[in-house]
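Overview (structure and organization)
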Amino acid sequence: MDYQYVLGGVLVSLLGSVFFMIINTTLSGEKKKVVEKDSRSINGDGYVRMPSQNGSFQPEIASGTDVVIVGAGVAGAALAYTLGKEGRRVHVIERDLSEPDRIVGELLQPGGYLKLIELGLADCANESIDAQKVFGYALYKNGNDTKLSYPLENYTSDIAGRSFHNGRFIQRMRERVATLKNVTLEQGTVTTLIEEKGTVKGVMYKNRAGEEMRSYAPLTIVCDGCFSNLRRNLCTPKVDNPSCFVGLILENCDLPHANHGHVILGDPSPILFYPISSTEVRCLVDIPGTKVPSVANGEMAKYLKTVVAPQVPPQLLKSFLAAVEKGNIRTMQNKSMPATPVPTPGAILLGDAFNMRHPLTGGGMTVALSDIVLLRDLLRPLTDLSDAPALCEYLESFYTLRKPVSSTINTLAGALYKVFCASPDPARQEMREACFDYLSLGGICSYGPISLLSGLNPRPIHLFLHFFAVAVYGIGRLMIPFPTPKRVWLGTRLILGASGIIFPIIKGEGVRQMFFPGTIPAYYNAPPLQ
């Protein structure tokens, strides 16, 4: 059996050489890009310029506001509350202040819950909204299952994931925001950013009565969600639409593993179950691509009964079919978008308007809350935000400092989705099998990846090592009882396929930012002198 160790050593050495060659090529070939933004009119670019009668720009109107926040979803409401608690005068403008009704944003990982505690908002995800504790995942494949628990041994008993109705969670945070006298929460639709000489001065919006209004502040923070109409001014968006979620609610049923999310490695792609209240279980069926069967003509119900139902665990099948018969079937397009900011004086992007990943791993709120804690800490030393160019230069550090958390969760979400989807390619099938078996080994093979997914271990290098450990494990399985030319070729395709999955995601996140943040000059930015 010594040949297995020799082969493993050769593979790992080869893999390391390839990885560092790619990094070296990326570093040597990278050129500094300077983004220059032209002064633009309101026609199609989202900015409005405010000239006076003699052609010069109007002076800024004093509004007594430090920060304008566009959007009061999870990111906007949490940000408004924490900045308000810091003493900032905040104006929040939200398109619709009624309770949202969404089929995503319902699972908060333990790492995100720790950030919620840090922001003073932990009581928004407790019994008052019938939130449920989540302690890990159960993974199903071909009738086999394995339980993956969060590594929570070093935390108090309250620390766990939380699952809930998204709308209830958001409304509780909005209620907390409304208690702060220095925060104004207003319903209105922001239409444009107000720009003067390349600096964002505030926003133009229509209030509830339909009147056109303007709100000015030294800093405008845009967090208006995945369908943001303002992001194109503050980043270079590259939105991918990998799949759609079909959502159902199962009532009065018990999950096989209580207080755990359940992931079925189905065909063609994963099926999710997790509790969102004491009596309800959310089911999300992933369908690759942008088209789904029609709900209106019954094609969707037929698809769920004939294709999905045979893959549902027996304990949930009756409730699943009852939910399909009830007919409250909803769909949502999943989106993925790497963070590609265009630093702009006077404005910054946050939340899903700025960065998205496949929602399979439920990491979106964890990334957003982590970003908010980081931004709050960066702004904390500043009493005056009026020097927009200096503030913009200082906040460039935000984009690097956020990378350990965001790139780990983003990369894991994208890679796991591709590995978990069924494929006719034998090499991809082997990778999928190897991933399930690797996670089933327990020990570091289990709690290592789950600690990354939970946001408790934001270390990209650990993610990289575990991902290729799965690939090497898969190759090792192929070499038993002895390597044949066919098995060696399949193993080669497996490692090449694994590289083809993860390296494009890493490239999108930024190799230097992920693995060598200290090489980014902005990493060392100090607060501007006040």
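Residues numbered from 1 in each chain as written. Predicted model: local features only at pLDDT ≥ 70, side-chain atom pairs only at ≥ 80, totals over all residues. Heavy atoms only, no water.

Put simply, the rule reads: UniProt positions are given in the numbering used here, feature names are shortened, and annotations may be inferred rather than shown by experiment.
An unreviewed UniProt entry lists the protein under the name Squalene monooxygenase, from Pyrus ussuriensis x Pyrus communis. In its Subcellular location (unreviewed entry) section, the UniProt entry covering the protein states "Membrane". One UniProt comment on the protein, placed under Catalytic activity (unreviewed entry), says "squalene + reduced [NADPH--hemoprotein reductase] + O2 = (S)-2,3-epoxysqualene + oxidized [NADPH--hemoprotein reductase] + H2O + H(+)".

1. Topic: the pattern of salt bridges
So the rule is basically this: The rule for a salt bridge is simple: a side-chain nitrogen of Lys or Arg has to be within 4 Å of a carboxyl oxygen of Asp or Glu. Helix and strand definitions here come from DSSP, where helices need a minimum of 4 consecutive H or I residues and strands a minimum of 2 consecutive E residues; each element is numbered from the N-terminal end. Remark: exposure states derive from per-residue accessible area (1.4 Å probe, protein chains only) relative to the maximum for the residue type, with buried under 20%, exposed over 50%, and partly exposed in between.
The final tally for this structure, using the stated rule, is 21 salt bridges. Ionic pairing is found between Asp425 and Arg493, a salt bridge with its closest N-O pair at 2.5 Å. Note that Asp425 is positioned in the loop between helix H9 (403-420) and helix H10 (426-440) and Arg493 in helix H13 (residues 485-509), a separation of 68 residues in sequence. The partly exposed category is assigned to Asp425, whose relative accessible area is 25%. Residues Arg477 and Asp437 are paired through a salt bridge, measuring 2.3 Å at the closest nitrogen-oxygen approach. One end of the pair, Arg477, is in helix H12 (residues 460-478); the other, Asp437, is in helix H10, with 40 residues separating them in the sequence. Given the relative accessible area of 28%, Arg477 is considered partly exposed.

2. Here's the deal with the UniProt feature "transmembrane region" (unreviewed entry) in the protein
Taking the UniProt record as the reference, the feature "transmembrane region" (unreviewed entry) is found at residues 6-27, 463-482 and 488-506. For the annotated span residues 463-482, helix accounts for 80% and strand for 0% of the residues, and the straight-line distance between the end C-alpha atoms is 30 Å.

3. Section: the packing of helix H7 (residues 364-379) against helix H8 (residues 388-401)
A packed helix pair is summarised by two numbers, namely the angle formed by the two axes and the spacing between the axes. Cut-off, in case you're wondering: All axes here are fitted lines through C-alpha atoms, helices being fitted over the stretch that makes contact, and every angle between N-to-C directions spans 0 to 180 degrees. For a crossing to be left-handed, the near helix must be turned anticlockwise from the far one by less than a right angle; the clockwise case is right-handed. Contacts are residue-level and defined by heavy atoms, with any inter-residue pair within 4.5 Å sufficient. Charged means Asp, Glu, Lys or Arg here, nonpolar means Ala, Val, Leu, Ile, Met, Phe, Trp, Tyr, Cys or Pro, and polar covers whatever is left, Gly included.
At a closest axis distance of 10 Å, the pairing of H7 and H8 adopts a crossing angle of 145°. H8 is crossed by H7, and the crossing has right-handed handedness. Taking contact as the criterion, the partners of Asp371, Leu374, Leu375, Leu378 and Leu379 in H7 are, on H8, Leu391, Tyr394, Leu395, Ser397, Phe398 and Leu401. By residue class, the composition of the contact of H7 with H8 is 9 nonpolar, 1 polar and 1 charged.

4. Considerations on the sheet that holds strand E4 (residues 107-108)
To be explicit about the condition: By this definition, two strands are paired if DSSP reports at least two bridges between them.
Strands sit in the order E4-E8-E5 across an open sheet of 3 strands; the sheet is antiparallel. The open sheet terminates on both sides in strands that have one partner only, identified here as E4 and strand E5 (132-134). Bridge count between E4 and strand E8 (residues 161-163): 2 bridges; the pairing is antiparallel. Bridge pairing in E8 places Leu108 opposite Arg162.

5. Points about the confidence of the model for the protein
As a reminder of what qualifies: pLDDT measures how confident the predictor is about each residue, on a scale from 0 to 100.
Put simply, the protein has an average pLDDT of 90, and 88% of its residues get 70 or more. Note on residues 17-47: pLDDT is under 50 here. Beyond four places in sequence and across chains, it has 41 contacts. Within the model, the stretch residues 49-62 combines pLDDT values under 50 with 26 contacts to residues more than four positions away or in other chains.

6. Some details on unusual backbone geometry
Among all residues save glycine, negative phi is the norm, and among peptide bonds the norm is trans. The step from Asp267 to Pro268 runs through a cis peptide bond, and the omega angle for that step is 20°. When you line up the elements, Pro268 lands in the loop between strand E14 (261-264) and strand E15 (271-275). Cis geometry is adopted by the peptide bond preceding Pro481, which originates at Ile480 and carries an omega value of 5°. Relative to the helices and strands, Pro481 resides in the loop between H12 and H13. Its identity is not glycine, yet Asp130 carries a phi of approximately 60°, on the positive side. Following the sequence through the fold, Asp130 ends up in the loop between helix H3 (110-118) and E5. Residue classification places Asp130 among the partly exposed positions, given a relative accessible area of 25%. In the Ramachandran plot, Asn142 falls in the positive-phi region, its phi being about 50° despite a non-glycine side chain. Of note, Asn142 is situated in the loop between strand E6 (136-141) and strand E7 (144-149). A residue is classified by how much of its surface remains accessible, and Asn142, at 66% relative accessible area, is exposed.

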